[in-house]
Amino acid sequence: MAKRAFAAATVSAFVLASAIAWAADETLPLPRQEWSFDGVFGTYDRASAQRGFQVYKEVCSVCHPVKHLHFRDLAEIGYSEDEVKAIAGGYQVTDGPNDEGQMYQRPGRASDPIPGPFPNDQAARAANNGALPPDQSLIVKARAGGPDYVYAILTGYKEPPAGFKMLEGMNYNEYFAGHQFAMPPPLSDNAVTFADGTPATVPQMAHDVVTFLTWAAEPNLDDRHRSGLKVILFLVVAAGVFYAAKRKIWAPIH
Amino acid sequence: MADVAQQNGSEAHPGETRRDFLLLTAGAIGGVGIVATIWPFVDTLNPARDTLALSTTEVDLAPIQIGQRLTVAWRGQPVFIAHRTPEEIKAAEAVDISQLRDPQKDSDRVRKPEWLIVVGVCTHLGCIPLGQKTGDDRGPFGGWFCPCHGSVYDTSARIRQGPAPLNLWLPGQVEQASQALYKFTGENVVTIG
Amino acid sequence: MADNRPGAAARIIRWIDYRLPFVQFLNHELNEYPTPRNLSYWWNYGSLSGIMLVIMIVTGIILATQYTPSSELAFESVERIMRDVNYGWLVRYVHMNGGSMFFAIVYIHLFRGLYYGSYKTPRELLWILGVIILLLLIATAFMGYVLPWGQMSYWAATVITNLFSAIPLIGPGIVTFLWGGFAVGDPTLHRFYALHYLLPFIIVAVVLLHLVALHRHGSNNPLGIDHKGPQDTIPFHPYYTIKDLFGLTVFLLIYTFFVFYAPNYLGEPDNYIPANPMQTPNHIVPEWYLLPYYAILRSITFPILFISSKLAGVILAFSSIFILFFLPWLDTSPVRSARFRPIYKWVFWLLVIDVIALGWVGANPPQGIVVTVGQIATFYYFIHMLILFPLIGKLERPLPLPSSIGAGAPMAKP
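In what follows, the accompanying structure is described.

## With respect to the overall build of chain C
The helix and strand tally for chain C stands at 15 helices and two strands. The C-alpha radius of gyration computed for chain C amounts to 24 Å, which stays within 12% of the reference 22 Å derived for 414 residues, consistent with globular compactness. Expressed as lengths along the three principal axes of its C-alpha atoms, the size of chain C is roughly 70 × 65 × 40 Å. Each of the 414 residues in chain C was classed as buried or not, and the buried ones make up 55%.

## Brief notes about the packing of helix H3 (residues 45-64) of chain C against helix H10 (residues 236-261) of chain C
Any two packed helices are characterised by how steeply their axes cross, that is the angle between the axes, and by the distance between the axes. All names here are of chain C. With their axes 10 Å apart at the nearest point, H3 and H10 run at an angle of 55 degrees to one another. Classed by the angle they form, the pair H3 and H10 counts as oblique. Crossing handedness for the pair H3 and H10: right-handed. Side by side, H3 and H10 meet where Ser47, Leu48, Ile51, Met52 and Ile55 of the first sit next to Asp244, Gly247, Leu248, Phe251 and Tyr255 of the second. Grouping the constituent residues of the contact of H3 with H10 by class yields seven nonpolar, two polar and one charged.

## Considerations on the sheet that holds strand E9 (residues 189-192) of chain B
Residue and element names in this part refer to chain B. Strand order in the open sheet formed by three strands is E1-E9-E8, with antiparallel pairing between adjacent strands. Pairing within the sheet leaves two strands with one partner each, and these edge strands are strand E1 (57-60) and strand E8 (182-186). Sheet twist, expressed as the average angle between the axes of neighbouring strands with direction ignored, equals 30 degrees.

## With respect to the pattern of salt bridges
Counting across every chain of the model gives 25 salt bridges over all chains. One salt bridge in this structure joins Arg49(B) and Asp73(A), with 2.9 Å as the shortest N-O distance. Residue Arg49(B) is found in helix H3 (residues 49-53), and its partner Asp73(A) is found in the loop between helix H2 (46-58) and helix H3 (81-89); the two belong to separate chains. Judged by relative accessible area, which is 4%, Asp73(A) ranks as buried. In this structure, Arg138(B) and Glu88(B) form a salt bridge, with 3.6 Å as the shortest nitrogen-oxygen distance. Residue Arg138(B) is found in the loop between strand E4 (115-119) and strand E5 (144-145), and its partner Glu88(B) is found in helix H4 (residues 86-94); the two are separated by 50 residues along the sequence. Owing to a relative accessible area of 13%, Glu88(B) belongs among the buried residues under this scheme. Linked by salt bridges that have partners in common, Arg72(A), Asp73(A), Glu76(A), Arg49(B) and Asp84(C) make up one network.

## Focus on the interface of chain B and chain A
Counting residues at the interface gives 14 residues for chain B and 13 residues for chain A. At the boundary of chain B with chain A, total buried surface from both sides reaches about 1200 Å², with 73% on carbon and sulfur atoms. Summed over the shared surface of chain B and chain A, the number is two salt bridges. One salt bridge connects Glu76(A) with Arg49(B), and the closest N-O pair in it is separated by 2.9 Å. Across the contact surface, chain B and chain A share two residue pairs in polar contact (both at pLDDT 80 or more). For the side of chain B that touches chain A, the secondary-structure elements that each account for two or more residues are helix H2 (16-43) and H3 of chain B.

Basis of the calculations
Residues numbered from 1 in each chain as written. Chains lettered and ligands numbered in written order. Predicted model: local features only at pLDDT ≥ 70, side-chain atom pairs only at ≥ 80, totals over all residues. Heavy atoms only, no water. Helix = DSSP H or I, 4+ residues; strand = E, 2+ residues; numbered from the N terminus. Rg over C-alpha atoms; globule rule 2.2 N^0.38 Å. Buried < 20%, exposed > 50% of the residue type's maximum accessible area, 1.4 Å probe, protein only. Axes fitted to C-alpha atoms, helices over the stretch in contact; angles between N-to-C directions. Parallel < 35°, antiparallel > 145°, perpendicular 65-115°, else oblique. Left-handed = near helix turned anticlockwise from the far one by under 90°. Contact = heavy atoms within 4.5 Å. Nonpolar A, V, L, I, M, F, W, Y, C, P; charged D, E, K, R; others polar. Pairing = 2+ DSSP bridges. Salt bridge = Lys/Arg side-chain N within 4 Å of Asp/Glu carboxyl O. Buried area = accessible area lost by both parts, 1.4 Å probe. Polar contact = N/O pair within 3.5 Å; in protein donor to acceptor, adjacent residues only side chain to side chain.

Don't take any of this as a statement about function, it's just geometry.
Structure, rendered in structure tokens:
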């Protein structure tokens, strides 16, 4: 048994070491936030996710697409079927070609993907001094540090320290590697008016939009945590029963 | 697992029944585990959420003049929308249904008599019948004509001649008895599915 | 009726068995099969490997019903599986984490073999078949990782296929041939998909040979001595079937913890960025189970005679596995199990630490102390294989072996 523990320890040490090695790449240690979806029993705070969608829609979507999200997905964070239809209907979506061979615009439907601000990457770059605002549907999974990192970036803008030379058009961000960040600070107090009356401070908006984005990247989390609990409980019971059976069967040998 | 008990002890040991129970429990747990695991993997083959989302389509009927017909795509199949003329409606209603291969009243096949909405797939072997475009052969009953094996449908899309066994399906209808899956959801708008 | 039923079943079985000895075969190989009575839990990892192979094939086929192997659509098709396909996220995470679990299990299985001398006569071919399985597994995993077409997928494919350009003269030609183009691209993705689907079935065939070789002489055991009679063995069923089942549930607990609560812990965030041929990620890192080979590859920073440092790195990285083929002959010990080898039993752990150190090196950017450690660890690895194995076997005095498995030796502890 000691050998088993030793082996487990070496494997864990190895895994931990690589994780640490990866994390050590960052500029500053990331401040840890508290998220409703943290931990084994975590779930998405739907009210927060809805506020986050509002922040995305009114602020971020000017530059950033969420191409893997469909309007119908919004039902998962608590919007009703009618609300989803209304949200979709508020967008113009390109469809076609029609019988004349032309592409045309029509109001969005629930089954449509949420359209992005630009028709293609080149248009996006042209509108943003050559920088490409990345798609946000997976951003939380695509960055080391996940939600904490995105939150830190959104709240990490400050004046560059004395003597630090900023490149043309860049913004100083504490948590971005190299500190030269192409995106200007997107959030300012009361940039958005929340429907539920929550005061729209920068930390609040950042918190909510990160909750929304984490859901966007990982919509299965609630399901996954719930079914995971059942599976693991089942396996614990099964392990116990199989162990007892093993001891019983092996009794004459020992 | 029961044969283990037979293998290892034909003599009755005191711990024997406890071991049987344990093995039985272990077997049951294993069985439940396997069955419970299989279902999600099989379920991946059922229609996915994006497929289900595309299962509804809305059609604007305003541009379809009387006597005109439109074909729309729905769930991967063509759906015939016919804006019937009064003559077509009369002809459809006047038929003696006891003479039909697949007896069905015209009133059972439409919600509004001037709009006939059916799935445009021949019930013989699946070709798409002609009759939607001007100039198409509509067959002797002025409905639709399937060029593959000569099935003829009337102005209610019921089978009249040829090898097809059944009338053209109403959208979503698997048996003739169930409700057709479309609704008129607005001025000149029909939602199918 | 109760009388007829067992009779009828037995008659049908006898009819089939007379023509195709299937039940007889299963009975002999899985039921009565005499197995050493003293196997420890380190012997669970063989059956666990087999189960992982089945899990990977089943989940892989299910993914294949939904995945699109085109450079335009691959990334999106995986996201569709994660979001829209019923339980798609579950199948994907099981397959993704299964790759890591499979390697963890196989590596433990391999090191078990190293410690207890399972590669020694008469099990040399058994061992060689195992190394072949490992190579096929690495190839399969490498190609599988390319399929989601993320940044890491694309750039790992680029780096590893570029290795072949180190081969003198024909190298660059081979690389173009592998790519099917002038860079990793759509043709590369298509062929990797076809091969990723094919190789596991070749692995199944080699695993069957592996099992045939195993059953020729039976399993090794912690004492490393041959079993000499019925007092040394017990039937595989029910003893090892229940023990394997128990081990399986414990393993599944670890596996499902990753799948349900930390599904991306062992992966790279960069692979959630769609492949961009115009932009290299800051750090190109393979999955953890390939890190030691990657470390060896990068540790040769100087040419050796007429061999460029790049080619030397490639040769040594591949050699680190090929050298395992020769292990039965490199190791000169007359005794199998490290339990009775007073020097080797400690030196073995040096190898374990060395491999872990190589993993750490592979995970980090090749700068400063990382490079030095990598070079020392690479050097030690080959010293261990080429010098320590032959030398220790010759120089150490093994402890006296027990007379038999059944008598006196400590029993397998639960």
